[in-house]
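Chains, contacts and geometry: an overview
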Amino acid sequence: MRINVFIVLLLTVTVWSPAQDIATNGDKYFYGYAYRDAVREYQKQMQKGEAMTNHQLLNLADSYFKIGDFKKASKLYLDIHKNDTIMSINRFNNMLQSLAKTSEPERVRAFLKSKSASLSTELLENASFNYELLESNLGGSSDFSLYNLGVNSAQADFSPTFYKDKLLFSSSRGQKSKKVYGPSGESYLDIYLARITDDGSVINPNPFLRIPGSEYHESTPYYSETLGRIFYVLSNEENGELSFDDKGKNALSIGMVQQNGSFQYVLKDLSTSFYYPFFDDASDKLYFAANYPDGYGGTDIYYVHTTNSQVMSEPINLGPRINTPGNEIAPFFFDGGLYFSSDIFYGLGGMDIYRTNVQADGGFSIPVNLGKNVNSISDDFGFIIKNAGSGGFVGYFSSNRSGGKGNDDIYGFRVEGKPGLKTLIFKGNVVQPKTKRGIADASIHLMDVGGNSIKEVFSKADGSYQLEVPWKKDVSLRISKPGHSGFYKKYSEAEADALQGTVMEIPLTAINDLVKEQEGKTVLKLESFVFDRGKSDISPAIAQELNKVMDLVRAFPQIKMRIETHTDSRGSTLSNKRLSQKRADMMKSYLRGIGVADTNLSTAIGYGEERILNDCTNGVYCLEFLHNQNVRTLIEVLNFDELDR
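Described in the following lines is the structure provided in the data block. (Residues numbered from 1 in each chain as written. Predicted model: local features only at pLDDT ≥ 70, side-chain atom pairs only at ≥ 80, totals over all residues. Heavy atoms only, no water.)

1. What to know about the sheet that holds strand S33 (residues 487–491)
Judged by pairing direction, the sheet is antiparallel, and its four strands sit side by side in the order S30-S29-S32-S33 without closing on themselves. Each having just a single partner strand, strand S30 (453–458) and S33 make up the two edges of the open sheet. The sheet shows a mean angle of 15 degrees between the axes of neighbouring strands, taken without regard to direction. (Pairing = 2+ DSSP bridges. Helix = DSSP H or I, 4+ residues; strand = E, 2+ residues; numbered from the N terminus. Axes fitted to C-alpha atoms, helices over the stretch in contact; angles between N-to-C directions.)

2. Some details on the pattern of salt bridges
Enumeration over the complete set of coordinates arrives at 26 salt bridges. Lys436 serves as the salt-bridge partner of Glu505, at 3.2 Å between the closest nitrogen and oxygen. Taken together, the positions of Glu505 in strand S34 (residues 504–507) and Lys436 in the loop between strand S28 (423–431) and strand S29 (443–447) put the pair 69 residues apart, joining distant regions of the chain. We note a salt bridge from Arg570 to Glu624, for which the minimum N-O separation is 2.9 Å. Taken together, the positions of Arg570 in the loop between strand S37 (561–566) and helix H11 (573–593) and Glu624 in helix H12 (residues 624–628) put the pair 54 residues apart, joining distant regions of the chain. Residue classification places Arg570 among the partly exposed positions, given a relative accessible area of 25%. Classification of Glu624 by relative accessible area gives partly exposed; the value is 46%. Residues joined by salt bridges that share partners form a network here, namely Asp37, Arg40, Glu41 and Lys44. (Salt bridge = Lys/Arg side-chain N within 4 Å of Asp/Glu carboxyl O. Buried < 20%, exposed > 50% of the residue type's maximum accessible area, 1.4 Å probe, protein only.)

3. Some points on helix H7 (residues 105–114)
Turning to H7, its buried residues number three or more, namely Val108, Phe111 and Leu112. An end-on view of H7 places all buried positions within 100 degrees of arc, on one side of the element. Set apart from the buried face of H7 by more than 90 degrees, the exposed residues are Glu106, Lys113 and Ser114. Buried-residue contacts for H7 involve helix H5 (70–83), helix H6 (89–102) and helix H8 (121–136). (Arc of directions from axis to C-beta. Contact = heavy atoms within 4.5 Å.)

Here it is as structure tokens:
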């Protein structure tokens, strides 16, 4: 049952003024977050035969979803989805979540596949990866030790954060005599401080007095030890009264308290709610969750650049690798990884905790579900972790799983290794060697030690690619595209480990860039070269061009070539024929000496003056440059059509 889950409440926490347009009693209860009452009133409306708009039907589906009646929610979502296009991407996630809880996973995957053309590549990759992960149980940590904290109350307790050697958290326990928040029936949220013992237990909770008092919400704090400042979420208010936008909406802002106790708003918008601040000291970025209407789903994770805690940029969305049609909240960075929570449909419960690795270019790896030893069928969120003094790691997160003390409880944990499956990532760009322009549709194929396929992806329009799988030892990577050179490399475990977090640039040469049409043949593009008159020696200039042939063979191992040389008509026909053949033989010998195999170079023919290109035949007077037009060497590509496929 999710009706009193505080994480869901926080994702939609708004107070509506009487100016809100309410058409029916069902609407009134729905917009007041009284979802059971909304279901009852909408059902009455239908029993009376009163027409319901698609928006009201969606409200009813949402109400079923909120109270955990996923069978009725999924049926209603599916019916609406068939007949109308007003369903938001966030409700699309609710529909798939409901399906996942009431039917076989194959049905969800089939539905997902049917809509793949309209969904992002990142979402499909994330879903496929995590389905495989959870089914194989690779994501769990067997040494995870969870325990319910003694500071939890019968009310909601959540959003822990480290404060020096103590713990801050949010609670609706009402110890400071705040007003009652209608939708929850509990007190407006407040922030509490408790002491962490040597064994990770948390004791002696008391109201946190470093922030200004308010009768309304104050929650989800984050303490920056470097700045000595506390960021937290609070209701928009002025002179002790809630502030509303022109639609009667009251939202949540992010404020900051400095060491001297002075307060200032950091992010405030009467129409947008902000949640779960995290300040990265290294980059001066303030991360947070927000429900901007142009996001990828419900609530997305963003960041802003700051200078001395002053916001210096527009909010920047973390993108579709992190943000989904669901709700993403509670960012927490630790040791090269980002932990956050999402209620995307391919998880184990409502909200699940995920970990993604931060890449060298600022991007992210596929978020990995932390598995059944951390996540439950309920909501799990607000994950924090730090190094433990005795080795290993200690941390905390919130959950409304069964067996707790209240709506949401805070759980502690100890673990030897960092939570989250270790993955193997190959990331980079396939480019043209000279221009560095990206090459689209190149195959990036990962194989195991036996040459069996593990995974294949294709480069995007800009040449970029990312391939990620659970960690494997001794793999090989093959990158190819028809009509192009290839890339192949085997990686030991150490080599693959050193590669993680880097961006590889892989040049592929197009065969069309290396050949040209000449005399009705497809020949290699080489700089023009000539032998000394009457000679067949391979000069340094000629060797330089012939060395390019070896490079070509390495790029295209299947290439088949033949050499032909020609002279002008000066001298006897027989001597020209002999000289031409000797030159062809010398080139073949040189190429064989530098590694070109007989299978690549079949023949070398000297034609002498048999194939003159102009009128400069025997006995005809010609200028020097006209004779020179006939002196040439061609290296023909015999299987060009095969290589270009």
